[in-house]
Amino acid sequence: MQALSQARPGETYTIKWMFGVPEVVEFLHSQHVEEGGTIRLIGRCRDSVIIGIRDKRFVLGDEIAERIKV
């Protein structure tokens, strides 16, 4: 298990667990980013990651990606 911020771009991962500020976790859940879900790490940009889930793309800062374990 590793932090999403340390994962390799171009790979697909299953989220094992995640934690953080309740408002952020609630937003991620509303966008289907949740434990047991599958996400694709599209790429990295400086201090953030670009993820894809279903038909959406998101940029998450490393401080959030550190709290998502895949």
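Anyway, here's the lowdown on the structure attached to this text.

Observations regarding the overall build of the chain
Thinking step 1. Helix and strand counts for the chain stand at 2 helices and 6 strands.
Thinking step 2. Along the chain, from the amino end to the carboxyl end, the secondary structure elements read β-β-α-β-β-β-α-β.
Thinking step 3. Relative to a compact globule of 70 residues, whose C-alpha radius of gyration would be 11 Å, the chain shows 11 Å and is just as compact.
Thinking step 4. Expressed along its principal axes, the backbone C-alpha trace of the chain runs to roughly 25 × 25 × 20 Å.
Thinking step 5. Per-residue burial over the chain gives 40% buried out of 70 residues.
Thinking step 6. For the chain, contacts bridging at least 24 residues in sequence account for 52% of all contacts bridging at least 6.
Thinking step 7. Total accessible area on the chain stands at roughly 4400 Å², and carbon and sulfur atoms take up 50% of it.
Thinking step 8. Within the chain, one finds 10 positive and 10 negative side-chain charges whose respective centroids are separated by 7 Å.

About the criteria used
Here the residue numbering is sequential within each chain, running from 1 through the sequence in written order. Local features in this predicted model are restricted to residues whose pLDDT is 70 or higher, and side-chain atom pairs enter the listing and the counts only when it is 80 or higher, whereas totals over whole chains, interfaces and linings include all residues. Heavy atoms throughout the structure, all of them, feed into the side-chain values; hydrogens and water do not. Strands are runs of DSSP state E lasting at least 2 residues, helices are runs of H or I lasting at least 4, and numbering of each runs from the N terminus. The globule rule used here is 2.2 Å times the number of residues to the 0.38 power, and the radius of gyration it is set against is calculated over C-alpha atoms. Throughout, exposure labels follow a simple rule: accessible area from a 1.4 Å probe, protein chains only, divided by the maximum for the residue type, with under 20% read as buried, over 50% as exposed, and the rest as partly exposed. Note on contacts: a residue pair is in contact if any heavy atoms of the two residues lie within 4.5 Å. Per-residue accessibility takes into account occlusion by the displayed protein chains alone, with areas from the Shrake-Rupley method and a 1.4 Å probe. Under the counting rule used here, the positive set is Lys and Arg, the negative set is Asp and Glu, and His together with the chain ends is not counted. By convention, the point assigned to a charge is CZ for Arg, NZ for Lys, CD for Glu and CG for Asp.

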